[in-house]
Amino acid sequence: MIDSADVTGPTGGRRRQKDLSVRKRATRDETELEGEGAQLSSSLVRGLGILRAFRPGDASLGNQDIIARTGLPKATVSRITYTLSALGYLLYDKDLGRYSLGSATVALGYSALSSSAVVHVARPLMQPLADLTGAAVALGTRDSLNMVYLANCRSESLVTLRLNPGSYLPIWKTSMGLAYAAALSPEERVSLVRALQEAEPDKAAMIAAAIDDAIAQYARQGYVTSFGAWHSYIHAVGVPFRPRDGSPLVAITCGGIGEIITEDRAHAEIGPALVEMVKALGDQLEGIPV
């Protein structure tokens, strides 16, 4: 989970708000997966968990970092990192005793993005909205108990969010996550809420309230807003999009600092513009002239 958000300002400096608590990124653990079928490979689950431990901005991780982020035993981490290194998914620096993502992992990520019709068609629609609003427009989907950026476009404004593809955001505190949750089927949503509450039991009531409010917003106005819930200075608007070809549900957001994305502007301009953009995205994917 991202524990800080960078905003580049007029002087080139960054405003950074840190979460000082030490937390693991919320992921589905092996206990959750036990009931999903006898065909699951525990070694594969653990190996993918180690790859998922790497976050945007991590140049490398040591064994202790991986153990802390995955909760796996030291012997298991050592065995799996050795295997992943042998296959090219991790690179091991003997001098530093640390691992970085290998070319095989990077190639998988780029292959997934380059083959996504939604990402390919959405980007030319996202950039004009970013330029119009002076904010950042991003497309993402769910990855376990977080949202992950798949694409983003920034304006040339001197003040803009600096999050890139691969960045993680919490579901229930962001417009991207809340828009995604609002568009789920009731059964899918119940499962998601339960998992989020189990990950943060002390926030159970807040999680339920945030998602209930998102459902109401989406039903009433066609978009979801988040004003200062993730970081106090960030305002954002989100709209879900479910491709008709069976591709995964995604959400598209427009966000920035509160001085740019005011609450009035979010409702009067940005929310309706996002709704229109998502409609245009659906039309283009289906070959309907815009």
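Up top is the structure these notes are about.
Every value quoted in this text rests on a predicted model; they were computed, and no experiment measured them.

Quick notes on the nonpolar core
Core analysis: the largest hydrophobic core is formed by 30 residues, its most contacted members being Leu196 and Ile211. For this core, the secondary structure elements donating two or more residues are strand S7 (146–154), helix H7 (175–182), helix H8 (186–199), helix H9 (204–221) and strand S12 (250–257). Among the elements that make up this core, the one with the highest residue count is H7 (six residues). Of all hydrophobic cores here, the second largest spans 28 residues; its members include Val121, Ala135, Cys153 and Leu281.

Points about the environment of Ser144
As for its placement among the helices and strands, Ser144 is situated in the loop between strand S6 (136–143) and S7. Under the relative-accessibility criterion, Ser144 is labelled buried at 10%. For the pair Ser144 and Leu196, spaced 52 residues apart in sequence, the C-alpha separation works out to 9.7 Å.

What to know about the packing of helix H6 (residues 117–133) against helix H10 (residues 263–285)
H10 packs onto H6 with a crossing angle of 155° between their chain directions and a minimal axis gap of 10 Å. On the basis of their axis angle, the class for H6 and H10 is roughly antiparallel. Note on packing geometry: the crossing formed by H6 with H10 is right-handed. Between H6 and H10, the residues in contact are Ala117, Val118, Val121, Ala122, Leu125, Met126, Leu129, Leu132 and Thr133 and Arg265, Glu269, Ile270, Ala273, Leu274, Met277, Ala280, Leu281, Gln284 and Leu285, respectively. Broken down by class, the residue content of the contact of H6 with H10 amounts to 15 nonpolar, two polar and two charged.

Looking at the environment of Val239
Here Val239 is to be found in strand S11 (residues 234–241). The class of Val239 is buried, set by a relative accessible area of 4%. Sequence separation between Val239 and Val250 is eleven residues; the distance between their C-alpha atoms is 8.7 Å. When near neighbours in sequence (up to four residues on either side) are disregarded, Val239 contacts Ala179, Gly222, Tyr223, Val250, Ala251, Ile252, Leu274, Val275 and Val278.

Some details on the sheet that holds strand S3 (residues 61–62)
Pairing is antiparallel in the open sheet, where three strands are placed in the order S3-S5-S4. With one partner strand each, in any of the chains shown, S3 and strand S4 (90–93) form the two edges of the open sheet. The pairing of S4 with strand S5 (residues 98–101) spans four bridges and is antiparallel. When the bridges of S5 are listed, Asp93 appears paired with Arg98. Packing against the sheet, helix H4 (residues 74–86) makes contact with S4 and S5, and its axis sits at approximately 105° to S4.

Describing the pairing of S7
Most of S7 is tucked away, with seven of its nine residues classed as buried. Note that S6 and S7 share eight bridges and pair antiparallel. Across the sheet, Gly140 pairs through a bridge with Tyr149, a residue of S7. Where S6 hands over to S7, the hairpin turn is made up of two residues, of which Ser144 adopts a positive phi near 60°.

With respect to the pairing of S5
With two bridges connecting them, S3 and S5 associate as antiparallel partners. Paired with Gly62 across the two strands is Arg98, which belongs to S5. The hairpin turn running from S4 into S5, its antiparallel successor, is four residues long, and Gly97 in that turn takes a positive phi close to 70°.

Side note on helix H2 (residues 42–52)
Among all positions in H2, only Gly47, Ile50 and Leu51 are buried. The buried residues of H2 occupy one face: seen down the axis, they fall within an arc of 100°.

A few points about the side chain of Arg189
When you line up the elements, Arg189 lands in helix H8. Here Arg189 occupies a buried position and makes no salt bridge, while the nearest side chain of opposite charge, Asp212, is found at 7.0 Å. Apart from the residues within four sequence positions on either side, Arg189 is in contact with Ala181, Ala182, Leu184, Ile211 and Ile215.

Examining the sheet that holds S12
Working definition: the strands of a sheet are paired by backbone hydrogen bonds and lie parallel or antiparallel to each other. Pairing in this open sheet of six strands is antiparallel, and the strands run S9-S7-S6-S12-S11-S10 from one edge to the other. Every interior strand has two partners, whereas the edge strands, strand S9 (168–170) and strand S10 (224–227), have only one. The mean inter-strand angle of the sheet, taken between neighbouring strand axes irrespective of direction, is 30°.

What about the pattern of salt bridges?
Should the charged atoms of two oppositely charged side chains come close, the side chains can pair. Across all of its chains, the model carries eight salt bridges by this definition. The salt bridge involving Arg69 is made with Asp58; its shortest N-O contact spans 2.6 Å. Here Arg69 is found in helix H3 (residues 63–70), whereas its partner Asp58 is found in the loop between H2 and S3, with eleven residues between them in sequence. The class for Arg69 is partly exposed, based on a relative accessible area of 23%. The residue Lys203 makes a salt bridge to Asp202 at a minimum N-O spacing of 3.2 Å. Using a relative accessible area of 24% as the deciding quantity, one classes Lys203 as partly exposed.

Cut-offs and rules
- Residues numbered from 1 in each chain as written.
- Predicted model: local features only at pLDDT ≥ 70, side-chain atom pairs only at ≥ 80, totals over all residues.
- Heavy atoms only, no water.
- Core = buried A, V, L, I, M, F, W, Y, C linked by side-chain atoms within 4.5 Å.
- Buried < 20%, exposed > 50% of the residue type's maximum accessible area, 1.4 Å probe, protein only.
- Helix = DSSP H or I, 4+ residues; strand = E, 2+ residues; numbered from the N terminus.
- Axes fitted to C-alpha atoms, helices over the stretch in contact; angles between N-to-C directions.
- Parallel < 35°, antiparallel > 145°, perpendicular 65-115°, else oblique.
- Left-handed = near helix turned anticlockwise from the far one by under 90°.
- Contact = heavy atoms within 4.5 Å.
- Nonpolar A, V, L, I, M, F, W, Y, C, P; charged D, E, K, R; others polar.
- Pairing = 2+ DSSP bridges.
- Arc of directions from axis to C-beta.
- Lys, Arg positive; Asp, Glu negative; His and termini not counted.
- Salt bridge = Lys/Arg side-chain N within 4 Å of Asp/Glu carboxyl O.

Function cannot be inferred from these measures alone, as they are strictly geometric.
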